[in-house]
Number of protein chains: 6
Amino acid sequence: MRIHIVNPNTTASMTDKIAAAARVVAGPDTDILAATSAMGPASIEGFYDDALALPGLLAAITEAESAGVDAHIIACFDDTGLDAARALAGAPVIGIGEAGFHMASLISHRFAVVTTLARSIPVIEANLQRYGLDRRCCAVRASDVAVLELEDPLSDARARISAEIGRAVREDRAEAVVLGCAGMADLARALGEEHGVPVVDGVACAVTLAEGLARTGLTTSKAGAYAPPRSKPYLGRLADFAPRET
Amino acid sequence: MRIHIVNPNTTASMTDKIAAAARVVAGPDTDILAATSAMGPASIEGFYDDALALPGLLAAITEAESAGVDAHIIACFDDTGLDAARALAGAPVIGIGEAGFHMASLISHRFAVVTTLARSIPVIEANLQRYGLDRRCCAVRASDVAVLELEDPLSDARARISAEIGRAVREDRAEAVVLGCAGMADLARALGEEHGVPVVDGVACAVTLAEGLARTGLTTSKAGAYAPPRSKPYLGRLADFAPRET
Amino acid sequence: MRIHIVNPNTTASMTDKIAAAARVVAGPDTDILAATSAMGPASIEGFYDDALALPGLLAAITEAESAGVDAHIIACFDDTGLDAARALAGAPVIGIGEAGFHMASLISHRFAVVTTLARSIPVIEANLQRYGLDRRCCAVRASDVAVLELEDPLSDARARISAEIGRAVREDRAEAVVLGCAGMADLARALGEEHGVPVVDGVACAVTLAEGLARTGLTTSKAGAYAPPRSKPYLGRLADFAPRET
Amino acid sequence: MRIHIVNPNTTASMTDKIAAAARVVAGPDTDILAATSAMGPASIEGFYDDALALPGLLAAITEAESAGVDAHIIACFDDTGLDAARALAGAPVIGIGEAGFHMASLISHRFAVVTTLARSIPVIEANLQRYGLDRRCCAVRASDVAVLELEDPLSDARARISAEIGRAVREDRAEAVVLGCAGMADLARALGEEHGVPVVDGVACAVTLAEGLARTGLTTSKAGAYAPPRSKPYLGRLADFAPRET
Amino acid sequence: MRIHIVNPNTTASMTDKIAAAARVVAGPDTDILAATSAMGPASIEGFYDDALALPGLLAAITEAESAGVDAHIIACFDDTGLDAARALAGAPVIGIGEAGFHMASLISHRFAVVTTLARSIPVIEANLQRYGLDRRCCAVRASDVAVLELEDPLSDARARISAEIGRAVREDRAEAVVLGCAGMADLARALGEEHGVPVVDGVACAVTLAEGLARTGLTTSKAGAYAPPRSKPYLGRLADFAPRET
Amino acid sequence: MRIHIVNPNTTASMTDKIAAAARVVAGPDTDILAATSAMGPASIEGFYDDALALPGLLAAITEAESAGVDAHIIACFDDTGLDAARALAGAPVIGIGEAGFHMASLISHRFAVVTTLARSIPVIEANLQRYGLDRRCCAVRASDVAVLELEDPLSDARARISAEIGRAVREDRAEAVVLGCAGMADLARALGEEHGVPVVDGVACAVTLAEGLARTGLTTSKAGAYAPPRSKPYLGRLADFAPRET
């Protein structure tokens, strides 16, 4: 089985970390094809970065579709471009944010999210509400760690994330904690042992969900919201994104 | 990996069908241990059957826990006893109803459920609301097929279920349909091809979710709702269900 | 009028306290028939005890139905088995939890619940949400008093409950407080005077609601969710619970 | 026990019907004191009539308070002035709309409301949402019967109401139906037998709830939303409504 | 364009302040016709004052309608009588509460409300819920300033309001703050500069919304909830409020 | 006052129609600066087009910001890129979808939306839910008119839209109808007269809301969700979108 995991920001070191986390849980017969976006922001922090990450993400999806894959994973916790990717792709598409929320719902009555900067909280809260899983989430907390600090071995990012997890458990009665950034994928297991509650990494969850969809033969419904894009001209710099006749 | 799948009703032929559906999607290194409840109703249709299915279900969970398993699946679409089983078990527990809802949420913007008898609709609607996934579900429909009719090769159950799926697609704008009974597990693929939308079987979904939790090393949080039962005396016929000191 | 009030745990001293609280508010022409469950947990604390309390509860309902009663009251604040009992019984059935919530809604704009252990909070929150009355409830708080401590005259249970009521009034702007355990029935009036807000005991509320339903000639609808259980075989230890032909 | 039931419109014949319905269910030791508003609309149909019915309603509440009563009932299905009356009165106040909704919630999983004119639907829907009970209500339907037609023995009002109840049961899966006007109080029992589902009259429900509050010693919380009106000057025609120092 | 702005309490000094705030934002071709209620409470603080303010408000609306205006503004933050006024008037009607909420929704992701007394919180919360904008509002806070204190130059009202705004920004993550009383209209700009977030005055918002409706030619729909009141007799002191044949 | 209105698709004829509709309602002292996106889809129909419209939209916003404007309007009913534009711009930003929803909420109790293709329904429903205004919207209906058909004088688009409005009024009890596409801006007034209910054009609404914000001196809060984008490198084709130091 071939699973395409795309990092919609342009920081390759983060892609490597994501791919490593994905391969740890992937089944023996699963190939993880990791890609880094070729255009857009070096990290996704808030609504503006989210918007400009979309063309690079969708280009990567198109490329993987022609190569042929069994599923796509969008490795940004904002689930950047998830709906557009589902309309574009034939293979199923999973966001690591939704993956973390759904899996946390299976092992806890109420979970919290610990993310990077406060400006990411509204994106995550809006996603939770759309998915319906805000009813299961008791808090979305920011650790005030910038995404790229997670790539810096000298930063105290881990300590600040751990402190915030502690607050979620004590103050919000969180029974599990979802890590709110792909760049935290390598921290989940150790933080879980440290705090005595499940700490959920969306990347690992997304890989197993992608394998599950592929094995059950389920893919995105093309009736309704995710119908293929209609063929039409696109202008200017994005002309080559124009949907072809289907 | 050993996955315990328990049919909380006492009809062994349904257990066989469930186990077969589970094995189709299970990974090469996964053993499916199927069990049939030893006490209670022959089929679960409404609140009363649900209540009386619980002791048999929980006895099966306890037995499997001592045998040692990596996950439990409750193979009744009502997710009968899910919360109690999570409090009881060390291994994670998944209901086939929630499994179907979560997976359908990954491949459609709105899904419908087609179940057996009208009396099962309130149980399913209440579960969807608790999970938060009522926001994703556009309708819960009954096919007026009794559960045990699904075991009768001569019944027209399949035709009535197919007709109801058609109505969900046309009248409710359902993009995917979740089959609302474990006894329908063998019908999903063919009905999906027939209607041109994903038709989701909760049994298959639950197996891949269980494998996913096991591979990611996630299990039920014991902080809060699912803390182990407190040791106390139980009287009468159920005395042997008394929780032991933990 | 004959009102059957069943304590779904097996602790007779709690039944006596419940019956006394019920008789204080019952009308002159009302007989209170109090019963204690003959099988299952000595106290109900969390999802596992809830599940195993159901057979004993339903057996008591069946017995009272044959004796002939005008209404049933389930005297556990979790409203254990309420839906199953409604499907089973011809006479109306009221849970003391819902009774407290509905009555508190008539005398306050927002109320809080003060219960026993934290593990009971999720059950109560889920009930409030199903009833729709979570919109009226500003907090569900635990006093960290075990149910059976309420039977121990030497415990400081009352002081801890009173302290929690104080917090609900000050910190949650609670205008009324519902006591979240049948074992607290004898404390309501004094705690209300102490805190200057209505303190609501679900047992007393349920008695007057049961009398009200009987006097208005209203009973559980048998169209839909609460249709009588279908006749079918039940196996093993629970064979005698099999519904008879109706 | 003395229960004050006020008809907030100025049609005395409707008050008589309401008082009769109240006395049928009232306990032997309960006096029903029925009052008709002395100022305002002859019937309440929509937001404008609701607004102008308030002074007459509140004047009647004040009068009954000085006479001394154990509870007040507002006999308009819109629960006209319920919040203001609760702030004004020392005795508890119940609206027949909320009374019907709460009691219907105890005997059905989902209920419908059948009211008079379409313009009353928004008032009722807004009340259901505020109470939280919109989650239990599957439809609010209008029978296109004007309130005063209910006072006309020659009208076909009953037939139109019955037809709408039939639609609610068939099309909305309503398990019980609440009659949405005080003027329908005399029809409930017969319509219930006709349709085979509970048909709920808010007047009867309110009487038993009022008796219940009085017997349990519960009254409106004065902490928060229902604190007594602050003393201040009122001008003009309504000067005599100015709250006195408390 | 002629915009009628009515202060539904009887304190003329507050009307002057409201009119001044309105004229600051009104367009060059807009006449602001300010009116003070001729009957009822000197200030509106809680449900009882709200109820008795309605006749004076509706009388003012009727008077302005005959004079001919392009829009009505109800200058009480409770949006007192908004629905009744919409049914009564041909011209559109805007409440300053809803005006503030809608405009705050256009410039912030989540806003808070800072009002006068705690007893006003439930009215405001109920309005937010009906409008749907409770989803955008993170808190409704009371400054414990009585309405008429805002008319007293010697009071420390402004300081207490400012302190509460500070808490909303720090503790509730409010991105904007809506001032919850017409009497605060003159404070918005300065408080906004002080706290570095938009501070919204409902009066100014309502004026621009009223101009907008008039310029786009939109007025209240008369199909459904706001159909003109039906002609019928009104009795007693309020006889002259009886709707005329339309 | 200078208001920048950007058509995020690349079809200039639609921009002309939008600008004309905007100028009809704009005040005498308002300049409408209309812009057409320079890159991306010729029309926006569903999630994929939405995503690829963002760079062109944000480029236009940046350009207008340097030119200096008092407000921005995004003239696509999907409110494409609204959050990103708010984070980017100093001047307030309004989407025509939210503008139509908010204004419709001021003149009706429940409104419907009539849009172009079924695939746009999920985008609109998701927006309504985020704004909270789904509670006010009774239906989102598709007329099966492609966006560019609206530019074709020979198509029967108007007839199909009118038919759908009729269904919304009859079947959904819609009191007002919001036209769900910028390309319908010229049809509102005539369709309103035809159907006897307000028909709302989001473009006109957005212009008056933008003027209102500018006149009240309110602009997007920069505390929280809409903080300016952090300075960071952007790669490849989108490198010039990199946020500058603020």
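That block above? That's the structure.
What counts, and at which threshold
- Residues numbered from 1 in each chain as written.
- Chains lettered and ligands numbered in written order.
- Predicted model: local features only at pLDDT ≥ 70, side-chain atom pairs only at ≥ 80, totals over all residues.
- Heavy atoms only, no water.
- Helix = DSSP H or I, 4+ residues; strand = E, 2+ residues; numbered from the N terminus.
- Rg over C-alpha atoms; globule rule 2.2 N^0.38 Å.
- Buried < 20%, exposed > 50% of the residue type's maximum accessible area, 1.4 Å probe, protein only.
- Contact = heavy atoms within 4.5 Å.
- Areas by Shrake-Rupley, 256 points an atom, 1.4 Å probe, with all protein chains shown as cover.
- Polar contact = N/O pair within 3.5 Å; in protein donor to acceptor, adjacent residues only side chain to side chain.
- Least-squares fit on C-alpha atoms with pLDDT ≥ 70 in both.
- Pairing = 2+ DSSP bridges.
- Axes fitted to C-alpha atoms, helices over the stretch in contact; angles between N-to-C directions.
- Salt bridge = Lys/Arg side-chain N within 4 Å of Asp/Glu carboxyl O.

Here we take up the overall build of chain A. Helix and strand counts for chain A stand at eight helices and ten strands. Against the 2.2 N^0.38 benchmark of 18 Å for 246 residues, chain A shows a C-alpha radius of gyration of 17 Å, consistent with a compact globule. Based on the C-alpha atoms only, the size of chain A along its principal axes is roughly 55 × 35 × 35 Å. Relative to its 246 residues, chain A shows a buried fraction of 69%. Across chain A, every contact between residues at least 6 apart in sequence was considered, and the portion connecting residues at least 24 apart equals 69%. Counting only carbon and sulfur atoms, one obtains 52% of the accessible surface of chain A, whose full area is about 7,200 Å².

To continue, consider the side chain of A:Lys232. Among the structural elements, A:Lys232 can be located in the loop between helix H8 (202–216) and strand E10 (234–235). Given the relative accessible area of 8%, A:Lys232 is considered buried. For A:Lys232, the side chain forms a polar contact with the side chain of F:Asp49, separated by 2.6 Å.

Quick look at the relation of the copies chain A and chain C now. Superposing chain A onto chain C takes a rotation of 120° combined with a translation of 0.0 Å along the rotation axis, leaving an RMSD of 0.0 Å. Such a turn and shift between the copies fits a three-fold axis. In terms of C-alpha distance to the rotation axis, chain A has A:Arg135 as its closest residue, with the C-alpha 7.7 Å off the axis.

When chain A is brought onto chain F, the operation consists of a screw motion whose angular component is 180° and whose axial shift is 0.0 Å, with 0.0 Å RMSD remaining. The transformation just described matches what one would write down for a two-fold rotation axis. Most of the interface of chain A is mirrored in chain F, where 100% of its interface residues are also at the interface.

We now examine unusual backbone geometry. All names here are of chain B. Although it is not a glycine, aspartate 79 adopts a positive phi angle of roughly 55°. Examined against the element boundaries, aspartate 79 turns out to sit in the loop between strand E4 (71–74) and helix H3 (82–88). Judged by relative accessible area, aspartate 79 falls into the buried class, the value being 5%.

As a further point, take the environment of E:Ser155. All names here are of chain E. Position of serine 155 among the secondary structure elements: in the loop between strand E7 (137–142) and helix H6 (157–171). For the pair serine 155 and valine 145, spaced ten residues apart in sequence, the C-alpha to C-alpha distance is 9.3 Å. At a separation of 3.3 Å, a polar atom in the side chain of serine 155 contacts the main-chain carbonyl oxygen of glutamate 149.

Turning our attention to the side chain of E:Ser37. Residues and elements named next belong to chain E. The residue serine 37 is located in the loop between strand E2 (31–36) and strand E3 (40–41) in this model. Engagement of the side chain of serine 37 in a polar contact is seen with the backbone oxygen of methionine 39, the distance being 2.8 Å. In this structure serine 37 touches Asn7, Pro8, Asn9, Thr10, Gly56 and Leu57, once residues within four positions along its chain are discounted.

Residues and elements named next belong to chain D. Taken together, four strands build an open sheet; the order of strands is E2-E1-E4-E5 and the sheet is parallel. Since the sheet does not close on itself, it has two edges, and those belong to strand E2 (31–36) and strand E5 (93–95), each with one partner. Ignoring strand direction, the axes of neighbouring strands in this sheet form an average angle of 20°. Sheet topology note: the strand E4 (residues 71–74)/E5 ladder contains three bridges and is parallel. Looking at the pairing, histidine 72 lines up with valine 93 of E5. Across the sheet, helix H2 (residues 47–67) touches strand E1 (2–7) and E4, and the angle it forms with E1 is around 165°.

Now for the pattern of salt bridges. Under the definition given, this model contains 102 salt bridges over all chains. Among the ionic pairs, E:Glu164 bridges to E:Arg167, the shortest N-O distance being 2.5 Å. Pair noted here: E:Glu164 and E:Arg167 are both in helix H6, with a separation of three residues, about one helical turn. Judged by its relative accessible area of 11%, E:Glu164 falls in the buried class. What emerges from the salt-bridge pattern is a single network uniting A:Arg141, A:Glu164, A:Arg167, A:Glu171 and A:Asp172.

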